[in-house]
Amino acid sequence: MLDKLTDSLGFQARALVLRAERQQTLASNIANADTPGYAARDFKFADAMRDATGGSAVVAGNASGMLRLASTQGADGQARAGFIPLAATSSSSGGMAGGPRLGYVASTQPSMDGNTVDLDRERAAFADNAIRYEATLRFINGESKTLLTAIQGQ
């Protein structure tokens, strides 16, 4: 019975952790915008959430789960659009054990120094992710207040 009350909190908590990982990845891309030869990295949030739950839960186009994320290949074995597949020995982002496996973002603006960071795209993705992170926090706060009110009987 209790898990029915806390399922949405667990979903949002996992989404919050994944949003934080993505924010860190995007910040790293922005910080390395002038580093010669730096390859921008990212992962698709919706795919990561879907992979984490095995495709079982979907809310507003995103699924949630336990950050056991797949590579940049889809279920059909083909590389997902916008990503260049990583080698089989690639590690996670380093933030958490079992964290998302990052893919290299395909360059939209060629650079003479080999850097693939598109600052406009990275800044837009960073701002979008920050807003979604805050929305997730607000949802968790509201859900916690609702549960507390129900428990206290007010």
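Residues numbered from 1 in each chain as written. Predicted model: local features only at pLDDT ≥ 70, side-chain atom pairs only at ≥ 80, totals over all residues. Heavy atoms only, no water.

Caption draft 1: Local environment of the side chain of Gln23. Positionally, Gln23 belongs in helix α1 (residues 2-31). Judged by its relative accessible area of 16%, Gln23 falls in the buried class. For Gln23, the contacting residues outside a window of four places in its chain are Phe126, Asn129 and Ala130. (Helix = DSSP H or I, 4+ residues; strand = E, 2+ residues; numbered from the N terminus. Buried < 20%, exposed > 50% of the residue type's maximum accessible area, 1.4 Å probe, protein only. Contact = heavy atoms within 4.5 Å.)

Caption draft 2: Examining the pattern of salt bridges more closely. For the structure shown, the criterion picks out 5 salt bridges. Residue Arg22 pairs with Asp42 through a salt bridge whose shortest N-O separation is 3.0 Å. One end of the pair, Arg22, is in helix α1; the other, Asp42, is in strand β1 (residues 41-42), with 20 residues separating them in the sequence. For Asp42, the salt bridge goes to Arg121, with nearest N and O atoms at 3.8 Å. (Salt bridge = Lys/Arg side-chain N within 4 Å of Asp/Glu carboxyl O.)

Caption draft 3: Fine view of the packing of aromatic side chains. What the rule picks out here adds up to 0 aromatic pairs. The ring of Phe45 has Arg19 lying over it, and the distance from NZ or CZ to the ring centre is 3.5 Å. Cation over ring: Arg41 sits above Tyr104, and NZ or CZ is 4.5 Å from the ring centre. (Phe/Tyr/Trp six-rings, centres within 6.5 Å; stacked < 30°, edge-to-face > 60°. Lys NZ or Arg CZ within 6 Å of the ring centre and 35° of its normal.)

Caption draft 4: View of the confidence of the model for the chain. In the predicted model, the chain carries a mean pLDDT of 75, and the fraction of residues at 70 or more is 68%. Across the chain, helix α3 (residues 119-152) holds the top mean pLDDT of 93, while strand β2 (residues 83-84) sits lowest at 54. Scored below 50 in pLDDT, residues 57-71 makes 46 contacts in the model with residues more than four places away or belonging to other chains. Long-range and interchain partners of residues 86-97, a stretch whose pLDDT sits below 50, account for 14 contacts in this model, where long-range means more than four residues apart. (pLDDT = per-residue confidence, 0-100.)

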